[in-house]
Each structure stands twice: as structure tokens, then as C-alpha cells.
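Tertiary structure, described
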Amino acid sequence: MLRFEVSVEDLLRSRFALSPALDLCLLLRSLAGQGRPLPRAWAARLQPAFERLCRETELNAVLALQTPLSGPNFVAPPPRGLNQTWADDLAVIRATPLEAARHEIANTATGPSADDPRVRAVLDSTDAVPRIAEAMDQAWHELLAADWPQLRAICERDVVHRVGVIGEHGWATTIESLHPGIAWQAGGIEIGFFRGGTVSLAGDGLLLIPSAVVGHIGAHTEDPWPRTLVYPARGTAALWGGQEAALQRDALTALVGRSRARLLLALDAPASTSHLARSLAMTSGAVGDHLGILRDAGLLVRARSGRSVLYRRTPLGEALIGGSD
């Protein structure tokens, strides 16, 4: 069992962040058959480009550093916050000192592909860091960049939801809602399906990272990462198929129209116009128009949260969604 000891100071310092580089590594592991299988439609769309990149670039050197559970820290550096971008991560990767990279490569490049002469030539070269960074950048732009605005919006909505749970129910309920196998026990967070003993947060708090790719809970317990939990963001499954299946509910779609049905179904947690537009690949103007109509019909309400205006379903809207099941 893994247990994080949590103090009051830790709760005050716990925070959320996004990690594009980590999601890219998780995606590459899945496409290489080392991680959680991707939704079928997504995998089918990405697989040809992934296989071409393996042939035409030095992506196999990146894959040689990945295991089903982890990879070197320098290819997935710790994120700073919710505004983290791929450009931020790439700059940190490129700035990795060669000796630090070589130390991590020696500890992680242990799989069969690491013995491939072409892979070994990259990993042992004096310019290994820029070559690995370039391969990752090509993979980002061809495999993940087009979907990232939607995936990022889903992660941001997840954070809005979790912050709401903290405000209404507290940290214990929020942590336990991340996964059925996580429990808040006697002033600590316990994850029964992990090994790792007891880890003190030491007053630095816990970093929580929603991921659009991971299908299970992940954890970082050693430097240079802060103590971290990575968890599946709410709504990702709907993006890759569940939502489209739900839209086949003929009665709901016929009653309010396809676009408004999508919005109603997407509002399982409060969201802003911009988050909905990005996650559903719709224009902000169209989303705003539809939200106004649904609000006038009594299906939604809105409330200001900081600088954002968040929409949520009313009891009537919930009943309409429930009645379409």
C-alpha cells in the first residue's frame, strides 16, 4: 500500500496542474502497446502516423526510454501549474544537461528496443537530448496537437469540478472521488493497489494532475517531481465515444436539436462557454447562442466564479437527461 501523510500545511499547499509532456508520454506508451489501450477510434486514427514516425524519425529512441509504468523525468518534467504548455515542457526537455540525461537513460533504457543499434546510436550520442526533444516535438505535432485543445478543456473542466467538490464537501471527499481505490484514512491518503510504504508530503502539499490519456491512478513519490497523483479526467470517455452514443437518444435530440443535446450532455459538471467550445469543437458564438436558449427554457442556470461564468443543469435539465436514458 502507498500512503501519503497529510498535514494541515499540506492541504494549504496542495494544487492542480496540467502536464502536456506527461500526456504525450502516456499516449506513446499506449500506441506502442506498453500502456492502457486507447479508445478504438482514437487509436485507429493515430496508428498510421505513429508507425510512420517510428520509421522516419528517432521516435524509437524515445520509446526505448518508456516502460508500462514510467519513463525518465527529463522527458516529462514536473509541471508548474494549469497554464503549462507543450512549448514550456519542450524548453525544459531541451535544457536538460547531457550528464543528467545520460544518468536517467542508463536507468530506464532497459527494454529490448534499447539494444537496437540505431536506437543505441541516438541514446549514446553527445547530442542525445536535442535529438530526443526533436522526436518528441514531431510526435506532439502529428499525434496530439490537434486534439489537445479539446483534451485540455476537459482537464480544465475537471479541475473546476474538483474545486467545487472541495468547497462543498472538503478535501477528503475530493481525494476519494478520484478513484474507488483511494481512501482518506487517519490523516492520510491511502492507495491500496500501489506499493510504496508511507510517504510524507513534508509541508509541500500534493500535486494533482488530471490526464486525458491515463486510464488509472498514477503517482510520483520521488524527486525531482513533487509528490503527485495523476488521475483520469472526467469526461474523456464521452469524448471518444460515449457522448456520440448518448446522442443517439432520439427523443432528446429530436426535442432540443443535436447541438443543444451535446451541450446538455456535456454539462455533467459546471463549465464556461469557452471550455464547452473547446471540448466540443464548436465556436464560442454558437455555444453562447445555444446556452442562452437552454437557459431561457429553464434547463440551465449560470453563476459567476471569479472571472468566469459557469453554466450547470437545473433539476429540469437533469430530469430531461435522465428521462432520455
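Look up a bit, the structure's there.
The notes below deal with the structure included here. (Residues numbered from 1 in each chain as written. Predicted model: local features only at pLDDT ≥ 70, side-chain atom pairs only at ≥ 80, totals over all residues. Heavy atoms only, no water.)

Helices and strands together make up the secondary structure of the chain, namely 16 helices and ten strands. Taken over the C-alpha trace, the chain has a radius of gyration of 21 Å; the compact-globule value for 325 residues is 20 Å, and the two agree within 12%. Each principal axis of the C-alpha atoms in the chain carries an extent, and together these give about 65 × 50 × 35 Å. Looking at the chain residue by residue over its 325 residues, the buried ones come to 48%. Expressed as a percentage of contacts within the chain between residues at least 6 apart in sequence, the contacts between residues at least 24 apart total 66%. If you sum the accessible surface of the chain, you get close to 15000 Å²; carbon and sulfur atoms cover 53% of it. (Helix = DSSP H or I, 4+ residues; strand = E, 2+ residues; numbered from the N terminus. Rg over C-alpha atoms; globule rule 2.2 N^0.38 Å. Buried < 20%, exposed > 50% of the residue type's maximum accessible area, 1.4 Å probe, protein only. Contact = heavy atoms within 4.5 Å. Areas by Shrake-Rupley, 256 points an atom, 1.4 Å probe, with all protein chains shown as cover.)

Summed over the entire model, instances satisfying the criterion amount to 17 salt bridges. The shortest N-O distance in the salt bridge between R3 and E5 comes to 2.9 Å. The closest approach of N and O atoms between R52 and E142, which form a salt bridge, is 2.1 Å. Placement of the pair is R52 in helix α3 (residues 40-56) and E142 in helix α8 (residues 128-144), with a sequence separation of 90 residues. Looking at E142, the relative accessible area reads 36%, which means it is partly exposed. (Salt bridge = Lys/Arg side-chain N within 4 Å of Asp/Glu carboxyl O.)

Before going further, it helps to examine the packing of aromatic side chains. In the structure shown here, the tally under the stated rule is three aromatic pairs. Aromatic pair W86 and W140: ring centres 5.1 Å apart, planes at 10 degrees, arrangement stacked. Of this pair, W86 sits in helix α5 (residues 86-94) while W140 is found in helix α8, placing the two residues 54 residues apart along the sequence. Judged on exposure class, the residue W86 and its partner W140 are both buried. Linked through ring pairs, W86, W140 and W148 together constitute an aromatic cluster. (Phe/Tyr/Trp six-rings, centres within 6.5 Å; stacked < 30°, edge-to-face > 60°.)

A few words now on the environment of L11. You can see L11 is positioned in helix α1 (residues 8-13). Once the C-alpha coordinates of L11 and W171 are considered, the two residues, 160 residues apart in sequence, prove to be 7.9 Å apart. Ignoring any residue separated from it by four or fewer positions in sequence, one finds L11 in contact with V6, W171 and W184.

Before going further, it helps to spend a moment on the packing of helix α14 (residues 273-280) against helix α15 (residues 284-296). Put simply, α14 and α15 touch, their axes get as near as 9 Å, and they point 115 degrees apart. In this structure, α14 crosses over α15, and the sense of that crossing is right-handed. Between α14 and α15, the contacting residues are T273, L276 and A277 on the first element and S284, V287, G288 and L291 on the second. Residue composition of the contact of α14 with α15, by class: four nonpolar, three polar and no charged. (Axes fitted to C-alpha atoms, helices over the stretch in contact; angles between N-to-C directions. Left-handed = near helix turned anticlockwise from the far one by under 90°. Nonpolar A, V, L, I, M, F, W, Y, C, P; charged D, E, K, R; others polar.)

Here we take up the nonpolar core. Within the largest apolar cluster, 58 residues are counted, with the highest numbers of intra-cluster contacts made by L27, L28, L59, L123, I132, M136 and L143. In terms of residue count, the dominant contributor to this core is α8 (nine residues). Leaving out residues up to four positions away in the same chain, M136 has contacts with L24, C25, V62, V75, W86 and I93. L252, L264, L299 and L300 belong to the second largest nonpolar core, which has 20 residues in total. (Core = buried A, V, L, I, M, F, W, Y, C linked by side-chain atoms within 4.5 Å.)

Once that is clear, we can look at unusual backbone geometry. Put simply, D223 and P224 share a cis peptide bond, and its omega is 5 degrees. The residue P224 is located in the loop between β7 (218-220) and β8 (228-232) in this model. Even without glycine at this site, A186 takes up a positive phi of about 50 degrees. Here A186 lies in the loop between β3 (182-185) and β4 (188-191). One non-glycine residue, A202, lies in positive phi territory at about 55 degrees.

On to the sheet that holds strand β6 (residues 207-211). Spatially, the four strands line up as an open sheet ordered β2-β6-β8-β7, and their pairing is mixed. At either end of the open sheet lies a strand with only one pairing partner, and these are β2 (15-16) and β7. Looking at chain direction, β2 and β6 are connected through two bridges and run parallel. Across the sheet, residue R15 finds its bridge partner in β6, namely L207. (Pairing = 2+ DSSP bridges.)

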